Each structure stands twice: as structure tokens, then as C-alpha cells.
Amino acid sequence: FPSHDSPRDHHNAKVDFKPLLLKALFDSSSKASHALFAVDDIVVTRPIDLELAAKQMEEQNAYAFFFRLGLNIDHCYMTNTHSGVPKGVQIKPNLFAWKIKDGAGDWNYPNNVDFTLYRKQDIRHFFLYFPYTFPNDLEAAWAQIARTDVRGLCYTQSCIVNIPINVVSTFRNRQMSYKTTQEFLDLFMEGYKLSIDPIQNLENNSPHFEVKPEFVLR
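Below you will find a few notes about this structure. By convention here, each chain's residues receive numbers from 1 onward along its written sequence. In keeping with the model being predicted, local features are shown solely for residues with a pLDDT of at least 70 and side-chain atom pairs are shown and tallied solely at 80 or more, while totals for entire chains, interfaces and linings include all residues. Hydrogens and waters are ignored; side-chain quantities use all the structure's heavy atoms.

### Here's the deal with the overall build of the protein chain
Operational definition: Secondary structure elements are taken from DSSP: a helix is a run of H or I of four residues or more, a strand is a run of E of two residues or more, and numbering for both begins at the N terminus. For every residue, the accessible area obtained with a 1.4 Å probe (protein chains only) is divided by the maximum for its type, and the residue is called buried under 20%, exposed over 50%, and partly exposed between those limits. What sets the accessible areas is the Shrake-Rupley method with a 1.4 Å probe; for residues, cover comes only from the shown protein chains.
A count of helices and strands for the protein chain gives five helices and twelve strands. The buried share of the protein chain, reckoned over its 218 residues, is 42%. Element-wise, carbon and sulfur atoms account for 53% of the exposed surface of the protein chain, whose accessible area totals about 12,300 Å².

What follows is the structure, encoded as C-alpha cells:
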């Protein structure tokens, strides 16, 4: 974070976002070889092994490991279209591989911030040299330069879900009509949190899936 004597506006998120992200990704103190991004409408629904996923990426020469995809995913919520499951290979009982260009919908969207594991060396150029100010315009620009002649990996069952209830920007993505931001704030101030227990082992057919969550006291 900027020091207190910095001339920059400390509250200018659009200015701060990229420097802080680059520090998190590529600072010399970070020894991690891979990176994974997540947005705050994601709930992990099944166990995930990041170390094993990174190992499988090397063994299978894959570009990324997509925890939001699986053989249960055949619908794209954002475009409200049937995507099907691309032609691919079930490498192990719980591991599926495909060429990105053979997919449709979410299966053909390799550059995203929704719980996908990447090698830092593969994404470094974009994050260093392209302009972006917050997650939405970052993903939009990153998607424009995506390669589709690469291999993707996922488990046979998706491990996360995006619950499309969070409205935080002027990017008008498709979303549920559920509660207003003020209603969510009121619940938080009253001491409530989202209960993830009913969402565990969810059977969803799209990475974004309409679930009316339960709230419990923190």
C-alpha cells in the first residue's frame, strides 16, 4: 500500500488497483509459480487440491486448470445459451482435458478471474503492460487476447459456483433479482453472513447459478 507521505490519493481505487495487483502477483517476496483469482460471489462447493492441479497442468501441458468447469457444465448463464460439453479426453477418473477452441460458452473463455489456476509466466505480459483499473475491465481486456489453441484441464465435477447476486459496478452482467446492496448491507450490519453449508456439493449446470442463499448469524 502507498505510504502516508505519498502524493497519490490513497482512496483512488482505479489508480491503486493495478500496482497493488502487480505487487501481489510478481513481488520478489512471492515464491509462488502459479496464480488464481477469485471474485466475491464465489462459493467453493467441493474439495480442491491446488498443488495437485498445478502438477497436472505440467504433466498434461495445459494452459490452465478450471475449477468452475466440469462435465456437469453445459449451460452458459451469462449468455443464457446451451454450451454443451466439448469433445475432450477423460484422462483419469476425475480429470478432463479439452482444446479451448473446441468449446463454447464458458468452455471457450480461458482468461477469467473465476477460480482458474495459471502459471505466472504465462500471464505476466498482460498484467504488466495492458491497462486496467478494476476486475471487470481487466477480465474484458484479458479475454480479448485469449489463445484458444491451448489445452484446458478441469475436474469431472465443478468445484465452485458463482452466485450472481452481487451488484458492484456499472458492468451490467446478467444477475438475479434478489436483494439490493442496501439490503445486503443491512444484513451484514445486523451480524449475518451467507451460509455455505447448503451450497456444498451443489449440482449446478453453469458456473454462474441462481441460488437464493441462506443467512446465519456470524
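### Brief notes about the packing of helix 1 (residues 13-26) against helix 3 (residues 120-129)
Applied cut-off: Every angle, taken between N-to-C directions, lies between 0 and 180 degrees, and every axis is a line fitted to C-alpha atoms, over only the stretch in contact when it is a helix. Orientation is classified from the angle alone, with under 35 degrees giving roughly parallel, over 145 giving roughly antiparallel, 65 to 115 giving roughly perpendicular, and any other angle giving oblique. The crossing is said to be left-handed when, going from far helix to near helix, the turn is anticlockwise and less than a right angle, and right-handed when the turn is clockwise. Contact definition: two residues touch when any of their heavy atoms are within 4.5 Å. Side-chain classes follow a simple rule in which Ala, Val, Leu, Ile, Met, Phe, Trp, Tyr, Cys and Pro form the nonpolar group, Asp, Glu, Lys and Arg form the charged group, and the remainder, Gly included, forms the polar group.
Closest axis-to-axis distance for the helix 1/helix 3 pair is 11 Å, and the angle between their directions is 160°. The angle between the axes of helix 1 and helix 3 places the two elements in the roughly antiparallel class. Viewed along their axes, helix 1 and helix 3 form a crossing whose handedness is left-handed. Only Lys-120, Arg-124, Phe-127, Leu-128 and Tyr-129 of helix 3 make contact with helix 1, whose side of the interface consists of Lys-18, Leu-21, Leu-22, Leu-25 and Phe-26. Tallied by class, residues from the contact of helix 1 with helix 3 come to seven nonpolar, no polar and three charged.

### A short note on a nonpolar patch on the surface
Keep this limit in mind: Patch construction takes residues with relative accessible area above 30% that form no salt bridge. Like charges are linked within 9 Å, and nonpolar side chains (Val, Leu, Ile, Met, Phe, Trp, Tyr) are linked within 5 Å. Put simply, a salt bridge is a Lys or Arg side-chain nitrogen that is within 4 Å of an Asp or Glu carboxyl oxygen.
The grouping of Leu-185, Phe-188 and Met-189 at the surface amounts to a nonpolar patch, some 330 Å² of accessible area in total. With respect to the element layout, Met-189 can be found in helix 5 (residues 181-189).

### Points about the side chain of Arg-68
The criterion, for reference: Under the rule applied, a polar contact is a pair of N or O atoms within 3.5 Å (in protein, one hydrogen donor and one hydrogen acceptor; residues adjacent in sequence only if both atoms are side-chain atoms).
Inspection of the secondary structure puts Arg-68 in the loop between strand 3 (64-66) and strand 4 (75-76). A polar contact is formed between the side chain of Arg-68 and the side chain of Asp-114, at a distance of 3.2 Å. Look past the residues within four positions of Arg-68 in its chain and what remains in contact with it is Ile-73, Asp-106, Tyr-109, Asn-112, Asp-114, Phe-115, Ser-158, Ile-160, Pro-207 and His-208.

### Digging into the pairing of strand 8 (residues 116-119)
Convention followed: Two strands are counted as paired when DSSP detects at least two bridges linking them.
Alternating positions in strand 8 separate into two faces, Thr-116 and Tyr-118 on one and Leu-117 and Arg-119 on the other, with burial throughout. The pairing of strand 1 (residues 34-36) with strand 8 spans three bridges and is antiparallel. In the sheet register, Ala-35 faces strand 8, and the bridge partner there is Tyr-118. Bridge count for strand 3 against strand 8 is three bridges, and the pairing is antiparallel. Paired with Ala-64 across the bridge in strand 8 is Tyr-118.

### Here's the deal with the packing of aromatic side chains
Centre distance and the angle of the planes are the two values used to describe a pair of aromatic rings. Selection criterion: To pair, rings of Phe, Tyr and Trp, with the six-membered ring standing in for Trp, must have centres within 6.5 Å; the planes then decide the type, stacked if under 30 degrees apart, edge-to-face if over 60, and tilted in the middle. Ring-over charges, as used throughout, are those where CZ of Arg or NZ of Lys falls within 6 Å of the ring centre and within 35 degrees of the ring normal.
If you walk through the whole model with that rule in mind, you get 21 aromatic pairs. Between Phe-37 and Trp-142, the ring centres sit 6.1 Å apart and the planes meet at 85°, which makes this aromatic pair edge-to-face. Here the residue Phe-37 occupies a position in the loop between strand 1 and strand 2 (42-44), and Trp-142 occupies one in helix 4 (residues 135-144), the gap between them amounting to 105 residues. The same class applies to Phe-37 and to Trp-142, which are both buried. Both rings, one in Phe-126 and one in Tyr-132, keep their centres 5.8 Å apart while their planes meet at 20°; by these two values the pair is stacked. Taken as a pair, Phe-126 and Tyr-132 share a single burial class, namely buried. Pairwise contacts between aromatic rings join Phe-17, Phe-37, Tyr-63, Tyr-118, Phe-126, Phe-127, Phe-130, Tyr-132 and Trp-142 into one cluster. The residue whose ring lies beneath Arg-218 is Phe-188, and the NZ or CZ to ring-centre distance is 4.2 Å.

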